[in-house]
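Next come the chains, spelled out residue by residue.
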Amino acid sequence: MRAVILGAGFGSRLGKPLPKPLTVLSSGETIMERQVAALTRFLTTDDVMVVVGFKKESIMEAFSNLTYVFNDVFDKTNTAKSLLCGLRKTGSEDVMWLNGDVIFDPEVVDRIHGFEGSCMAVNTSSVGEEEVKYNVQSDGSIREVSKTVDDPLGESVGVNKIAAADVPLLLEALEQCGADDYFERGIELAIAKGLRIHPVDITDMFCVEVDTGEDLERANKWLSEAARKARR
């Protein structure tokens, strides 16, 4: 298995001068440090690839032992094209990918890693208008995943896996995506072509995508509480 971290974006809503993966948390580590630590519990650093763009040198200097792919149109494209850049380089293996601004309980990636087949981590709590939502087909696999899903069952949290056999289908779909599309659009196009990707419920675990200062505050609060519990 390989892992791809999508870290090419500006992250302008958070208002930080560096890419969001380098945001320092209350624990003293960065978002990406936590992500790499979780991934390397079952992968080696050679298996972890980062798609970079905005201020790429800052990420590459901070994590010199990882593999990098440069999205040279990062300023004109969204996560669909960044994921496309990464999947083109991963070879014929299962691939776990995650947004570079997701803070989560490490058990989230364990649960995704242990699932047989293509899957998507989801939270079944109530979701807001701006969240990426999902629903399912009669066989339990994902039918739709976007911000405009009717009658959603919950939220896609930004940690996913594509099985090796399904990679060509997702690559083809991502090629068809527009510059502004999120990778979830590629998943929907691949579903229409026969992809079966299943939700993996991680509602019992902490996971938040840091888009705003409020998201960061929530994550830091959880980290502080987790640290206090660990000291008991």
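Please refer to the structure placed before this passage.
Residues numbered from 1 in each chain as written. Predicted model: local features only at pLDDT ≥ 70, side-chain atom pairs only at ≥ 80, totals over all residues. Heavy atoms only, no water.

Caption draft 1: Structural context of the overall build of the protein chain. From N to C terminus, the protein chain includes seven helices and eleven strands. In terms of overall dimensions, the protein chain has C-alpha extents of about 45 × 35 × 30 Å along its principal axes. Within the protein chain, counting contacts between residues at least 6 apart in sequence, those at least 24 apart form 71% of the total. Element-wise, carbon and sulfur atoms account for 47% of the exposed surface of the protein chain, whose accessible area totals about 10,600 Å². Taking the average location of the 26 positive side-chain charges in the protein chain and that of its 38 negative ones, the two points are 3 Å from each other. (Helix = DSSP H or I, 4+ residues; strand = E, 2+ residues; numbered from the N terminus. Contact = heavy atoms within 4.5 Å. Areas by Shrake-Rupley, 256 points an atom, 1.4 Å probe, with all protein chains shown as cover. Lys, Arg positive; Asp, Glu negative; His and termini not counted. Charge placed at Lys NZ, Arg CZ, Asp CG, Glu CD.)

Caption draft 2: Looking closely at the pairing of strand S1 (residues 2-7). Counting buried residues in S1 gives six out of six residues, a clear majority hidden from the surface. Because side chains alternate across S1, one face comprises the buried residues Arg2, Val4 and Leu6, and the other comprises Ala3, Ile5 and Gly7, equally buried. Across five bridges, S1 lies against strand S4 (residues 95-99) in parallel orientation. Within the sheet, the bridge partner assigned to Leu6 lies in S4 and is Asn99. Bridge count for S1 against strand S2 (residues 48-52) is five bridges, and the pairing is parallel. Bridge assignment links Leu6 to a residue of S2, and that residue is Val51. (Buried < 20%, exposed > 50% of the residue type's maximum accessible area, 1.4 Å probe, protein only. Pairing = 2+ DSSP bridges.)

Caption draft 3: Here's a closer look at helix H1 (residues 31-39). The buried fraction of H1 amounts to seven of the nine residues, a majority that puts the element mostly inside the structure. Of all the residues in H1, the buried ones are Ile31, Met32, Arg34, Gln35, Val36, Ala38 and Leu39.

Caption draft 4: View of the nonpolar core. In terms of nonpolar packing, the biggest core is built from 34 residues, with Leu83, Trp97, Ile162, Leu170, Leu174 and Ile187 touching the most fellow members. Elements represented by at least two residues in this core include exactly S1, S2, helix H3 (79-87), S4, strand S6 (119-123), strand S8 (142-146), helix H5 (167-176) and helix H6 (183-192). Within the second largest apolar cluster, 30 residues are counted, among which are Ala38, Leu39, Val109 and Ile112. (Core = buried A, V, L, I, M, F, W, Y, C linked by side-chain atoms within 4.5 Å.)

Caption draft 5: Region of the structure containing H3. Where burial is concerned, most of H3 is hidden: nine out of the nine residues are buried. Taken as a whole, H3 has its buried residues at Thr79, Ala80, Lys81, Ser82, Leu83, Leu84, Cys85, Gly86 and Leu87.

Caption draft 6: Region of interest: the side chain of Lys133. Mapping Lys133 onto the fold places it in strand S7 (residues 133-136). For the buried Lys133, which has no salt bridge, the nearest side chain bearing the opposite charge is Glu131, at an N-O separation of 7.3 Å. Here the side chain of Lys133 touches Glu131 through a polar contact of 2.8 Å, landing on its backbone oxygen. (Salt bridge = Lys/Arg side-chain N within 4 Å of Asp/Glu carboxyl O. Polar contact = N/O pair within 3.5 Å; in protein donor to acceptor, adjacent residues only side chain to side chain.)

Caption draft 7: Expanded view of the pattern of salt bridges. In the structure shown here, the tally under the stated rule is twelve salt bridges. Residue Asp101 is joined to Lys20 by a salt bridge in which the shortest nitrogen-to-oxygen separation is 2.6 Å. In this pair, Asp101 sits in the loop between S4 and strand S5 (102-104) while Lys20 sits in the loop between S1 and H1, placing the two residues 81 residues apart along the sequence. On the basis of relative accessibility, which here comes to 7%, the residue Asp101 falls in the buried class. Since its relative accessible area comes to 11%, Lys20 is described here as buried. Here Arg34 ties to Glu29 by a salt bridge, and the two come within 3.1 Å at their closest N and O atoms. On the basis of relative accessible area, Arg34 is assigned to the buried category, the value being 18%. Assessed through its relative accessible area of 21%, Glu29 is described here as partly exposed. Each of the salt bridges in this network shares a partner with another, and the network as a whole consists of Lys20, Asp101 and Asp211.

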